[in-house]
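Chain residues, written in single-letter form:
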Amino acid sequence: MEEYRIGVYICWCGTNIAMMVDVEAVVEEIKKLPNVTIAKDYKYMCSDPGQDLIVKDIKEHHLNRIVVAACSPRMHEPTFRKALENAGLNPYFFEMANIREQVSWVHTDRIEATRKAKGLVAGAVKRVVHHKALNKRYVDIHPATLIIGAGVAGMSAALEIADSGQKVHLVEQCNQLGGMVRKVDLNYPYLNSSRQTISQLIKNTEEHPDIQIYTESKIDKISGYIGNFRALLSNHQEQRELEFGNILIATGLKSFDPSIIENYGYKRIPNVITSADFEKMLYSGLIHCENGKEPGNIAIIHCVGSRNENYHPYCSRTCCMTALKYINQISSAAPECNIYDIYADMRAIGKDCEELYASTSKKNVMFLMFDQQHDLPVIKQNGNGKTVSIEFTELLSGESIHIQANMVVLMTAVESQANNKEIAHLAGISTDKNGFFIEKHPKLDPVATTTEGVYIAGTCQSPKDIPDSIVQAKAAAARILATIAKGKVQVEVTTAQVNEDICCGCQCCASVCPYSAISYNEDKKVSEVNEILCKGCGTCASACPSGAIVSKHFTDNQILSQITGVLEMQIETA
Amino acid sequence: MNYKPTIIGFLCNWCSYTGADLAGTSRQKYEDKIRIIRVMCSGRIEPTFVLDAFRKGADGILICGCHPGDCHYHEGNYKCLRRFHLLQKYTQQMGIEKERLRLEWISASEGKEFAELVDEMSEKIASLGKCMVKETLDTYR
Ligand code: SF4
Ligand code: SF4
Ligand code: SF4
Ligand code: FES
């Protein structure tokens, strides 16, 4: 029998873990467990010296199994697997215990937290002896890319990829390219023409020989996996199939409808309009009230539907600067007009945005602050039908303010597209509570998703301005080009496998597999798993009445011994 | 009084485990007697795992998967749900109270909901007291 030599490493994560877990006590306890050759604690396991420590110990102490107790395996499992590989050990001889996200950050009793950490590490130690060496498998990458959404992000990525000679299928649900930016007149902070910027981008995209554009089209189905995806695409006339290796989702966002905010009377009170309505007016070149006259007083209200738990909790990112842009546009088009800018916080993030705020303050504008959380302004229609009154408490002075205006512009929030859930489902990714797509890691990997080969860019991930959308789009394009350049990609190795000696041929497994990865071998009278199609969910293993299916890396033995470990420690030390 | 029940949580990797991680990154506090075991999909949960955990001394079992329609593998959570009803009938026949075995959907963004769920489940099981499966079986051994 194989002799197990386990190395266990307990991470401090600086003070993140060490403040709530007595890491030294964990080490002492774990040292007593069978098969544990060495147990150590270290400040930062994921750092280079931390990884080197593992590599060195594997060589020196002939370790053949490694356990790291640190952050979530979703974060650093790949890092440590790499370290094992560097030491010449199969990367699957590794197990992680999550004592940061699921212990030190969520508990407050140091003794209990330490006990729990001991249990989780014991579970990992018991489990790791059942780990088997798994070998990496590779598949070829189809060089084409599917991009969903032809706004500024989708087009930028498409051009980046196509310019390096790779094919792009660009799918857009509207009848033209350009997305949200097409509806904007000027953009901040330099007040240059959006129309010009976007039309150049559209022209380049349309003329590119390697970009195939499908407008008024939608994706009905996506199947396959990284490197080898297929999609069914349809428009009014026909349905067609596309093949590609990577997917970029860049579906953008939409405007919030403020009519649900009682206080503002949108759609009820004349001359209360949204920023989108106002943009149209600017685009046409004439600022006018419903009676056709130029307004003498304009009020602009910020954060309409943003940063308020009743509507959307997040900041819509672009409205403050867009409001400043409006002030500049109004002062040049109607220099006599008085402008009241009613804001909650002036957020001037981004290059030259604070400068835009400074220069705008010199215009014919009065900035007034209101309480966005508790005290929204109230807009009422005046008897004369020509003006509206706006009432609120000005936060800085504490005074109640009464403004008469001919026109009110609501800086409406942006929100996720209504069909994001559907798209997430097609591509196998997730949406957050606001309906935006979730990135693989909020800091370390904001363009990938949890599904290999599926990337996100632009405002479908969260509200952002044009430069930030383009940055993310180009980053995603670079990632996609990197996989294309490699030509091959590693696929799931933790697949299912049928033990032919035990299989009775009942085919229960085949009926539950969501990927039709299991077929029945008539000659042998047993079921077989196609490892290229299998994604390793393990559903077949739990459905098999004979226990003939091994769900690699999540075998019964592995899970049952982990249960033993986490519970044993609990009872022993309690 | 004030018995603190030990709960084993089986969480699917894509939604629920990520949701529990989010509870961590957003520093939501919850009962510390839960021990989480990661599986790729709730569809992987076998009755054996649940029975084994009770047998080894767990006071409660919490299975979490993605919300209906959100499973990373499309329908593993439905498979889990179907099996769950049978399993719960079985455990109830064994004399294990219904509250001790739960299946809940937790998405990757529901860190707070996860923390609340653990607290609420712990409280319910605390009022039932210790689960006697292990003791009973041990005496027969
Ligand atoms: S391995 Fe994880 S827990 Fe340890 S220092 Fe790095 S981030 Fe922190
Ligand atoms: S469910 Fe099990 S026994 Fe039945 S065919 Fe599949 S592998 Fe064989
Ligand atoms: S593990 Fe999942 S994907 Fe793989 S064969 Fe079994 S049911 Fe199908
Ligand atoms: S992956 Fe979460 S339930 Fe299937």
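Residues numbered from 1 in each chain as written. Chains lettered and ligands numbered in written order. Predicted model: local features only at pLDDT ≥ 70, side-chain atom pairs only at ≥ 80, totals over all residues. Heavy atoms only, no water.

Let's talk about the overall build of chain B
Helix and strand content of chain B: five helices and four strands. The N-to-C order of helical and strand elements in chain B reads β-α-β-α-β-α-β-α-α. At 15 Å, chain B has a C-alpha radius of gyration in line with the 14 Å of a compact globule built from 141 residues. Its C-alpha atoms put chain B at 45 × 30 × 20 Å along the principal axes. Looking at the 141 residues of chain B, the share that counts as buried comes to 60%. Residue pairs at least 24 apart in sequence account for 80% of intrachain contacts in chain B once pairs closer than 6 positions are excluded. Of the roughly 5800 Å² of accessible surface on chain B, a fraction of 54% belongs to carbon and sulfur atoms. Computed over 21 positive and 19 negative side-chain charges, the separation of the two mean positions in chain B equals 5 Å. (Helix = DSSP H or I, 4+ residues; strand = E, 2+ residues; numbered from the N terminus. Rg over C-alpha atoms; globule rule 2.2 N^0.38 Å. Buried < 20%, exposed > 50% of the residue type's maximum accessible area, 1.4 Å probe, protein only. Contact = heavy atoms within 4.5 Å. Areas by Shrake-Rupley, 256 points an atom, 1.4 Å probe, with all protein chains shown as cover. Lys, Arg positive; Asp, Glu negative; His and termini not counted. Charge placed at Lys NZ, Arg CZ, Asp CG, Glu CD.)

Side note on the environment of Cys337(A)
All names here are of chain A. Relative to the assigned elements, Cys337 resides in the loop between helix H9 (319-333) and strand S18 (338-343). Expressed as a C-alpha distance, the spacing of Cys337 and Ala97, which sit 240 residues apart in the sequence, is 64 Å. Dropping the residues within four chain positions of it, Cys337 is found in contact with Pro295, Gly296, Asn297, Ile298, Ile330 and Asn364.

A look at the site of ligand 1
Around ligand 1 lies a shell formed by Cys11(A), Cys13(A), Ile17(A), Tyr44(A), Met45(A), Cys46(A), Ala70(A), Cys71(A), His76(A), Phe80(A) and Arg100(A). Of the residues belonging to the shell around ligand 1, the class tally is nine nonpolar, one polar and one charged. (Near = heavy atom within 4 Å. Nonpolar A, V, L, I, M, F, W, Y, C, P; charged D, E, K, R; others polar.)

Some remarks on the interface of chain B and chain A
Facing the 50 residues of chain B at the interface are 50 residues of chain A. Linking chain B with chain A are four salt bridges. The partner of Asp70(B) in a salt bridge is Lys421(A), and the shortest N-O contact between them spans 3.2 Å. Sorting the residues of the side of chain B that touches chain A by element identifies strand S1 (7-12), helix H1 (16-25), strand S2 (34-39), helix H2 (47-55) and helix H3 (76-93) of chain B as the ones contributing at least two each. Looking at the side of chain B that touches chain A element by element, the count peaks at seven residues for H1(B). In terms of residue class, the side of chain B that touches chain A is made up of 19 nonpolar, 14 polar and 17 charged. (Salt bridge = Lys/Arg side-chain N within 4 Å of Asp/Glu carboxyl O.)

Here we look at the pairing of strand S3 (residues 65-70) of chain A
Residue and element names in this part refer to chain A. S3 sits mainly inside the fold: six of its six residues count as buried. Where burial is concerned, the two faces of S3 agree: the one with Arg65, Val67 and Ala69 and the one with Ile66, Val68 and Ala70 are both buried. Pairing between strand S1 (residues 6-11) and S3: five bridges, direction parallel. Looking across to S3, one finds that Ile10 is bridged to Ala69. Two strands pair when backbone bridges link them, and S3 and strand S4 (residues 94-98) are joined in this way by five bridges, in the parallel orientation. By the bridge assignment, Val68 is partnered in S4 with Met96. (Pairing = 2+ DSSP bridges.)

Details of the packing of aromatic side chains
All chains considered together, the criterion is met by 10 aromatic pairs over all chains. Ring centres 6.0 Å apart and planes at 25 degrees place the aromatic pair Phe229(A) and Phe244(A) in the stacked group. Here the residue Phe229(A) occupies a position in strand S12 (residues 228-234), and Phe244(A) occupies one in strand S13 (residues 239-244), the gap between them amounting to 15 residues. The burial state of Phe229(A) is the same as that of Phe244(A); both residues are buried. Plain terms: the ring middles of Phe10(B) and Phe49(B) are 6.2 Å apart, the flat faces sit at 35 degrees to each other, and that makes the pair tilted. In this pair, Phe10(B) is assigned in strand S1 and Phe49(B) in helix H2, connecting sequence segments 39 residues apart. Assessed through its relative accessible area of 0%, Phe49(B) is described here as buried. Joined through ring pairs, the aromatic side chains of Tyr343(A), Tyr357(A) and Phe367(A) make up one cluster. Here the guanidinium or amino end of Arg38(B) rests over the ring plane of Tyr17(B), the centre of that ring lying 5.6 Å away. (Phe/Tyr/Trp six-rings, centres within 6.5 Å; stacked < 30°, edge-to-face > 60°. Lys NZ or Arg CZ within 6 Å of the ring centre and 35° of its normal.)

Concerning the site of ligand 2
Close contacts around ligand 2 come from 13 residues, with Cys503(A), Cys506(A), Gln507(A), Cys509(A) and Cys544(A) the closest. Class assignment of the residues belonging to the shell around ligand 2 gives a composition of nine nonpolar, four polar and no charged.

As for the sheet that holds strand S21 (residues 388-393) of chain A
All names here are of chain A. Taken in spatial order, the three strands make up an open sheet running S20-S21-S22, and their pairing is antiparallel. Every interior strand has two partners, whereas the edge strands, strand S20 (378-381) and strand S22 (400-405), have only one. Pairwise comparison of adjacent strand axes, ignoring direction, gives a mean angle of 20 degrees for this sheet. Two strands pair when backbone bridges link them, and S21 and S22 are joined in this way by six bridges, in the antiparallel orientation. Looking at the pairing, Thr393 lines up with Ser400 of S22. (Axes fitted to C-alpha atoms, helices over the stretch in contact; angles between N-to-C directions.)

Describing the confidence of the model for chain B
Of the residues in chain B, 99% have a pLDDT of 70 or more, and the chain-wide mean is 94. Here the prediction assigns the complex a pTM of 0.76, and the interface score ipTM is 0.97. (pLDDT = per-residue confidence, 0-100.)

A closer look at helix H8 (residues 275-284) of chain A
Residue and element names in this part refer to chain A. Buried residues of H8: Ser275, Phe278, Glu279, Met281 and Leu282, and no others. Buried positions in H8, seen along its axis, are confined to an arc of 160 degrees and lie on one side of it. Among the exposed residues of H8, those oriented more than 90 degrees off its buried face are Lys280 and Ser284. Looking at the buried residues of H8, the elements they touch are strand S8 (186-187), strand S16 (272-274), H9 and strand S23 (407-412). At the C-terminal side of H8, Gly285 shows a positive phi close to 90 degrees. (Arc of directions from axis to C-beta.)

Topic: the packing of H9(A) against helix H10 (residues 353-360) of chain A
Between two packed helices, both the angle of their axes relative to each other and the distance between the axes serve to describe the pair. Residues and elements named next belong to chain A. Where H9 meets H10, the closest approach of the two axes is 10 Å, and the angle between their N-to-C directions is 40 degrees. Between H9 and H10 the crossing geometry is left-handed. Here H9 contributes Met321, Leu324, Ile327 and Asn328 to the contact with H10, which in turn contributes Cys353, Leu356, Tyr357 and Thr360. When the residues that make up the contact of H9 with H10 are grouped by side-chain class, the tally is six nonpolar, two polar and no charged. (Left-handed = near helix turned anticlockwise from the far one by under 90°.)

Comments concerning the side chain of Lys552(A)
All names here are of chain A. Here Lys552 shows up in the loop between strand S30 (549-551) and helix H15 (556-573). Side-chain polar atoms of Lys552 contact the side chain of Glu531, separated by 3.2 Å. The contacts of Lys552, once residues within four sequence positions are left out, are Leu134, Val493, Thr494, Thr495, Gln497 and Glu531. (Polar contact = N/O pair within 3.5 Å; in protein donor to acceptor, adjacent residues only side chain to side chain.)

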